Amino acid sequence: MGQHQRSPQELELALKHVRSFQAQPQRYCQELMVQALARCYDLVLQCEFNWRSTLEEDGSKLRRWGWRRRILKTPVGPVTIKIPRWRSGPITRLVPHYARRAPDFEHDALKLCATALDAASAPKFKQRLWALFSPAYRPQDFTVLDLLEAEVRAALEQQFCCELPPRLAVVGYSRWDYDPTRDLLTLSTGKPCPYVIELCCGITPQERFELLELKLLRHRHHEDEPQQWAQAQCAQLKRLQARGVHDVLVLLGPGLALDYDQAHQYFEWLTLAEAPQVSR
């Protein structure tokens, strides 16, 4: 056993997730995706609120009076989002009032949250930011577009680059096929689809949910793709370690494989649980 041993409570939590995952892996991965979508939506809506507070003509800040919860239908099931409120009521233009489906917002929010924040991707980041916000706002609102960009960038860095709790009891990986034109979001089967979503989620010993990494990629199907994916996830484990994680239990969604010997070089105490393959 490695340097960082789990407490009995942490071990029980890990075993609970293993049992749930192995009993119904597709449902487990679907619940992770639902929580990941909720995290993305809440991040974008909070950024919208903070940005709109700078657009008030009198220079005053909008006072937030809590949240209003709304359930949106998505291809993976209902997602509960939190819409910021102020005195006159909920405040958002990105999600239409009383809307129960917002596929355009869904697709653009996913693309924005999946954008890398390095210098090379800066033009793509601005393009995706504009695609999400411009349909809902007047051109004159974007005189302070740099403030919106800074707000969203800071929120994404906090989500995906910040230091993590010392130990995550569980890390779950899954890959999803995404076709917005057909309203399709399903666990990958290897069949061609316009986009692939790679999702990495964590659950702390306190059962706090963490969205650790999100990628939206153009689908490329190769015979050696599983090996390439495994190499990429080993690199991701190394990034988790650099962010402060010392102990991890990894759950691999259907259709995915990870080499234990490679992964073990990053974590002395590592457990792998793999779900059955998805039928092709």
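The structure we're discussing is the one just above.
Bear in mind that the values here come from a model prediction, so they are computed numbers and not experimental data.

Our focus in this paragraph is the overall build of the protein chain. The helix and strand inventory of the protein chain stands at seven helices and nine strands. Summed over all atoms, the accessible surface of the protein chain reaches about 14,400 Å², with 50% contributed by carbon and sulfur.

When the terminal C-alpha atoms of helix α1 (residues 8-23) are compared, their 22 Å separation across 16 residues agrees well with the 22 Å that a helix rising 1.5 Å per residue should span. Three or more residues of α1 are buried, namely Glu-10, Leu-13, Ala-14, His-17, Val-18 and Phe-21. Viewed along the axis of α1, the buried residues span an arc of 135°, placing them on a single side of the element. Structural note: α1 exposes Pro-8, Gln-9 and Ala-23 on the side pointing more than 90 degrees away from its buried face.

Here we take up the packing of α1 against helix α2 (residues 25-52). Packed helices, taken two at a time, are described by the angle between their axes plus the distance between the axes. The N-to-C vectors of α1 and α2 enclose an angle of 115°; their axes lie 5 Å apart at closest approach. Of α2, the residues touching α1 (which contributes His-17, Ser-20, Phe-21, Gln-22 and Ala-23) are Pro-25, Tyr-28 and Cys-29. Looking at the contact of α1 with α2 residue by residue, the class counts come to five nonpolar, three polar and no charged.

The next thing to look at is the pairing of strand β8 (residues 248-252). Regular strands show a simple pattern: their side chains alternate between the two faces of the sheet. Across the five residues of β8, five count as buried, placing the element largely inside the fold. Of the two faces of β8, the one carrying Val-248, Val-250 and Leu-252 and the one carrying Leu-249 and Leu-251 are both buried. Here strand β4 (residues 170-179) runs beside β8; their pairing, made up of three bridges, is parallel. Along β8, the bridge assignment pairs Val-171 with Val-250.

Once that is clear, we can look at the packing of aromatic side chains. One pass over the full model with this rule turns up five aromatic pairs. With 5.8 Å between their ring centres and 80° between their planes, Trp-51 and Phe-133 make a pair best called edge-to-face. Here Trp-51, found in helix α2, pairs with Phe-133, found in helix α4 (residues 122-133); they are 82 residues apart in sequence, far enough to count as distant. A single burial state applies to Trp-51 and to Phe-133, both of which are buried. Taken together, a centroid distance of 5.0 Å and an interplanar angle of 70° make the contact between Trp-51 and Tyr-137 edge-to-face.

Reading the values: rules and limits
Residues numbered from 1 in each chain as written. Predicted model: local features only at pLDDT ≥ 70, side-chain atom pairs only at ≥ 80, totals over all residues. Heavy atoms only, no water. Helix = DSSP H or I, 4+ residues; strand = E, 2+ residues; numbered from the N terminus. Areas by Shrake-Rupley, 256 points an atom, 1.4 Å probe, with all protein chains shown as cover. Expected span 1.5 Å × (residues − 1). Buried < 20%, exposed > 50% of the residue type's maximum accessible area, 1.4 Å probe, protein only. Arc of directions from axis to C-beta. Axes fitted to C-alpha atoms, helices over the stretch in contact; angles between N-to-C directions. Contact = heavy atoms within 4.5 Å. Nonpolar A, V, L, I, M, F, W, Y, C, P; charged D, E, K, R; others polar. Pairing = 2+ DSSP bridges. Phe/Tyr/Trp six-rings, centres within 6.5 Å; stacked < 30°, edge-to-face > 60°.

Honestly, that's just the spatial picture; any functional story needs more than this.
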